[in-house]
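Observations on the three-dimensional arrangement
Here's the letter readout for the chains.
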Amino acid sequence: MKILKNTLIISSYLLLIALFFSGGYALGRRGAESDALVPEATAYPAWTEEKTENTAAPEYEVIIEDEVLKIYKCIGKSKSVVTSEKISERVFPPQDIAELREGVRFERLEEAQQLFENFVS
């Protein structure tokens, strides 16, 4: 009798698990079908991005000032120093130093670091 009772309890648990799984599966499939019927143009709003001075992408400027080579992060009119290193200007060609005195701008930090490393190393 005890074996029959335990078998009945286990069977009812398995039946409940199967019932919940089937119900969840059916509800999930029905939800997925209703999502598929919605056209994509109306499902997601069209976002427009307006560029302002605060959301502008930063530029990076490599410049030499008083024998110190610097990388600036420029956002609009504000500048902040990313890194700097003292170098000797006499070692490099005058054309390169003249170009660095005016400043060389890059869109990506990696490009600015590459130029910086060329002069530092």
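The following refers to the structure shown. In this text the structure is predicted, and so the values were computed from the model without any measurement.

This part covers the packing of aromatic side chains. Taken as a whole, this structure holds 2 aromatic pairs when the rule is applied. Relative to Y25, the ring of F21 has its centre 6.4 Å away and its plane inclined at 15 degrees; by these criteria the two rings are stacked. Separated by 4 residues within a single helix, F21 and Y25 lie in helix α1 (residues 2-37), roughly one turn from each other. With respect to burial, F21 and Y25 carry one shared label: exposed. A cation over a ring is seen here: K79 above Y72, with NZ or CZ 5.1 Å from the ring centre.

Turning next to a nonpolar patch on the surface. On the surface, I9, Y13, L16, L19 and F20 cluster together into a nonpolar patch covering about 560 Å² of accessible area. Tracing the sequence through the fold places Y13 in helix α1.

Sheet topology places strand β2 (residues 68-75) next to strand β3 (residues 78-86); 8 bridges connect them, and they run antiparallel. Residue pairing in the sheet places K73 in a bridge with S80 of β3. The hairpin formed by β2 and β3 contains 2 residues between the paired strands, and G76 there has a positive phi angle of roughly 65 degrees.

Attention now goes to the environment of E61. As for its placement among the helices and strands, E61 is situated in strand β1 (residues 59-65). Separated by 41 residues in the primary sequence, E61 and E102 place their C-alpha atoms 9.8 Å from one another. Beyond its immediate sequence surroundings of up to four residues, E61 is in contact with K70, I71, Y72, C74, K79, E102, G103, V104 and R105.

Here we take up unusual backbone geometry. In this model, D66 sits at a positive phi of 55 degrees, which is unusual for a non-glycine residue. Assignment of secondary structure puts D66 in the loop between β1 and β2. One non-glycine residue, E67, lies in the positive phi region at around 60 degrees. For E67, a relative accessible area of 26% translates into the label partly exposed.

What follows deals with the pairing of β2. As paired strands, β1 and β2 are joined by 7 bridges and run antiparallel to one another. Bridging from a neighbouring strand, E61 pairs with Y72 of β2.

Parameters at a glance
- Residues numbered from 1 in each chain as written.
- Predicted model: local features only at pLDDT ≥ 70, side-chain atom pairs only at ≥ 80, totals over all residues.
- Heavy atoms only, no water.
- Phe/Tyr/Trp six-rings, centres within 6.5 Å; stacked < 30°, edge-to-face > 60°.
- Helix = DSSP H or I, 4+ residues; strand = E, 2+ residues; numbered from the N terminus.
- Buried < 20%, exposed > 50% of the residue type's maximum accessible area, 1.4 Å probe, protein only.
- Lys NZ or Arg CZ within 6 Å of the ring centre and 35° of its normal.
- Patch = residues over 30% accessible without salt bridge, like charges linked within 9 Å, V, L, I, M, F, W, Y side chains within 5 Å.
- Areas by Shrake-Rupley, 256 points an atom, 1.4 Å probe, with all protein chains shown as cover.
- Salt bridge = Lys/Arg side-chain N within 4 Å of Asp/Glu carboxyl O.
- Pairing = 2+ DSSP bridges.
- Contact = heavy atoms within 4.5 Å.

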